[in-house]
Amino acid sequence: MRLGYTALAKGEVGGLGRLDRQRLAEVLRTSKGAVSLKEASRALGFSSTAAAKLLSRWAKKGWLSRVRRGLYVPVPLESRTADVPLEDPWLIAEKLYSPCYIGGWSAAAHWGLTEQIFRAVVVMTTRRPRIRNPVLKGTPFLLKTVPEGVLFGLKPVWRGQVKVFVSDEARTILDMLDDPKVGGGIRSMADMFSSYLRLRSRDMNRIIDYAIRLGNGAVFKRLGYLLERYAPDEKESLKMCRAKMPTGNAQLDPAVRGKRLITRWRLWVPESWPREKPE
């Protein structure tokens, strides 16, 4: 017996006719993991309106699951419901926010710089989304807009057949120095920076080169301050930070207003920040 819409409304998977199966197979073959309206229209040679109706019908039958308007993911054959979580949030980020890359704590976890569990996926995108903290099928995202000219220090990672970019270790540290929020705050970011300093492959020259390209003077103040505390033997890097930091005072963490000024780094530090030596 063919399933009707009463059953389908409960999330059960319905059958497809031969033509629909062929069309769906072609769309999935060309879409590589997630189906956008544009890809479906191109794969089938349909207008956007016709393709949208077809995708909507497949979703109602439980073969696709709607992520947001114009984007769907396939429902695994073994699933008895179309209400499935995102199998690969990085792939969805690439589909929705490209040009973009995975950064912040998400990249830090990828490179083994932290063991903390962060639910949200940090996406650095050149787009200006209206909602900065969307939740897509139960997965939260943190979106930060960056200029196209700073898409450097990235490495490709293959997720199935889709190439997704992630910030390399040095760029990951740089982004968290630029905006500690994407590192979970300055304390969390400092822990990740300490992990980076323990790497045999650490490259302070690369971080400084990246910082010069990024052009945010506050980065040199935060980097110098943290280096002085965690890697005081990095004399050349400390010297470069002092030479590059601009005049004026900055916050160690813009989200936590500092009341104690570290004059040699022109940096306001929160009272709660530990004192390791006279400042």
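One can find the structure itself at the top, above this paragraph.
These numbers come from a predicted model, not from an experiment.

A.B. asks: Got a sec to walk through the overall build of the protein chain? Specific residues and values, please.
C.D. replies: The helix and strand tally for the protein chain stands at eleven helices and twelve strands. In terms of overall size, the protein chain is more extended than a compact globule, its C-alpha atoms giving a radius of gyration of 23 Å where 279 residues would be expected to give roughly 19 Å. Principal axes of the C-alpha set define a box for the protein chain whose edges measure 80 × 35 × 30 Å. By the burial criterion, 50% of the 279 residues in the protein chain qualify as buried.

A.B. asks: Got a sec to walk through the sheet that holds strand 3 (residues 71-74)? Specific residues and values, please.
C.D. replies: Taken in spatial order, the three strands line up as 1-3-2 in an open sheet, and their pairing is antiparallel. The open sheet has two edge strands with one neighbour each: strand 1 (35-36) and strand 2 (64-68).

A.B. asks: Kindly report on the nonpolar core, identifying the contributing residues and their values.
C.D. replies: Residues Ile173, Leu223 and Tyr225 are the most contacted members of the largest nonpolar core, which totals 47 residues. Looking at this core, the elements that each hand over two or more residues are helix 6 (104-110), strand 5 (121-125), helix 7 (169-178), helix 8 (186-197), helix 9 (204-214), helix 10 (217-230), helix 11 (235-244) and strand 12 (267-269). Listed in part, the 23 residues of the second largest apolar core include Val73, Leu86, Val121 and Leu143.

A.B. asks: Could you give me a rundown of the pairing of strand 8 (residues 154-159), with the residues and numbers involved?
C.D. replies: Two elements, strand 8 and strand 9 (residues 162-167), share six bridges in a ladder whose sense is antiparallel. In the sheet register, Lys155 faces strand 9, and the bridge partner there is Val166. Remark: two residues form the turn of the hairpin made by strand 8 and strand 9, two consecutive strands paired antiparallel; Gly160 in that turn has positive phi of roughly 70°.

A.B. asks: Give me helix 11: which residues, what numbers.
C.D. replies: Buried residues of helix 11: Ser237, Leu238 and Cys241, and no others. With its buried residues spanning 100° around the axis, helix 11 presents them on a single face. Exposed and oriented more than 90 degrees from the buried face of helix 11 are Lys235, Glu236, Lys239 and Ala243. Those residues of helix 11 that are buried lie in contact with helix 9 and helix 10.

A.B. asks: Which residues make up the packing of aromatic side chains, and what values go with them?
C.D. replies: Scanning the entire structure with this criterion turns up two aromatic pairs. Consider the rings of Trp105 and Phe118, whose centres lie 4.7 Å apart with planes at 10°: the pair is stacked. Residue Trp105 is found in helix 6, and its partner Phe118 is found in the loop between helix 6 and strand 5; the two are separated by 13 residues along the sequence. With relative accessibility at 24%, the residue Phe118 sits in the partly exposed group. The ring of Phe152 is capped by Arg171, whose NZ or CZ atom sits 4.4 Å from the centre of that ring.

A.B. asks: Can you lay out the side chain of Asp253 for me, pointing to particular residues and giving the numbers?
C.D. replies: By secondary structure assignment, the location of Asp253 is in the loop between strand 10 (250-251) and strand 11 (260-262). For the buried Asp253, no salt bridge is present, and the opposite-charge side chain at shortest range is Arg222, 6.8 Å distant. Among all residues touching Asp253, those that are not within four sequence positions of it are Pro180, Gly185 and Ile186.

A.B. asks: Give a detailed account of unusual backbone geometry, specifying residues and quantitative values.
C.D. replies: In this structure, Pro99 follows Ser98 across a cis peptide bond, with omega equal to 0°. In this fold, Pro99 is placed in the loop between helix 5 (89-97) and strand 4 (100-102). Phi angles above zero are rare outside glycine, and Lys137 is one such case at about 50°. Although it is not a glycine, Arg266 adopts a positive phi angle of roughly 50°. The residue Arg266 is located in the loop between strand 11 and strand 12 in this model. Given the relative accessible area of 27%, Arg266 is considered partly exposed.

A.B. asks: How would you explain the sheet that holds strand 10 if you had to name every residue and give the values?
C.D. replies: Read across the open sheet, the three strands follow the order 10-12-11; overall the sheet is mixed. Where the open sheet ends on each side, the last strands, each with one partner, are strand 10 and strand 11. Here strand 10 runs beside strand 12; their pairing, made up of two bridges, is parallel. The residue bridging Gln251 from the neighbouring strand is Trp268, located in strand 12. Packing of helix 10 onto the sheet brings it into contact with strand 10, strand 11 and strand 12, and relative to strand 12 it is tilted by some 55°.

A.B. asks: Can you lay out the packing of helix 8 against helix 10 for me, pointing to particular residues and giving the numbers?
C.D. replies: For any two helices packed against each other, one specifies the inter-axial angle together with the distance between the axes. Two numbers describe how helix 8 lies on helix 10: the axes approach to 11 Å, and their chain directions differ by 60°. Judged on the interaxial angle alone, helix 10 and helix 8 are oblique. The element helix 8 and its partner helix 10 pack so that their crossing is right-handed. Contacts between helix 8 and helix 10 involve Met189, Ala190, Phe193, Ser194 and Leu197 from the former and Leu223, Leu226, Leu227 and Tyr230 from the latter. A class-by-class count of the residues in the contact of helix 8 with helix 10 yields eight nonpolar, one polar and no charged.

Conventions adopted
- Residues numbered from 1 in each chain as written.
- Predicted model: local features only at pLDDT ≥ 70, side-chain atom pairs only at ≥ 80, totals over all residues.
- Heavy atoms only, no water.
- Helix = DSSP H or I, 4+ residues; strand = E, 2+ residues; numbered from the N terminus.
- Rg over C-alpha atoms; globule rule 2.2 N^0.38 Å.
- Buried < 20%, exposed > 50% of the residue type's maximum accessible area, 1.4 Å probe, protein only.
- Pairing = 2+ DSSP bridges.
- Core = buried A, V, L, I, M, F, W, Y, C linked by side-chain atoms within 4.5 Å.
- Arc of directions from axis to C-beta.
- Contact = heavy atoms within 4.5 Å.
- Phe/Tyr/Trp six-rings, centres within 6.5 Å; stacked < 30°, edge-to-face > 60°.
- Lys NZ or Arg CZ within 6 Å of the ring centre and 35° of its normal.
- Lys, Arg positive; Asp, Glu negative; His and termini not counted.
- Salt bridge = Lys/Arg side-chain N within 4 Å of Asp/Glu carboxyl O.
- Axes fitted to C-alpha atoms, helices over the stretch in contact; angles between N-to-C directions.
- Parallel < 35°, antiparallel > 145°, perpendicular 65-115°, else oblique.
- Left-handed = near helix turned anticlockwise from the far one by under 90°.
- Nonpolar A, V, L, I, M, F, W, Y, C, P; charged D, E, K, R; others polar.

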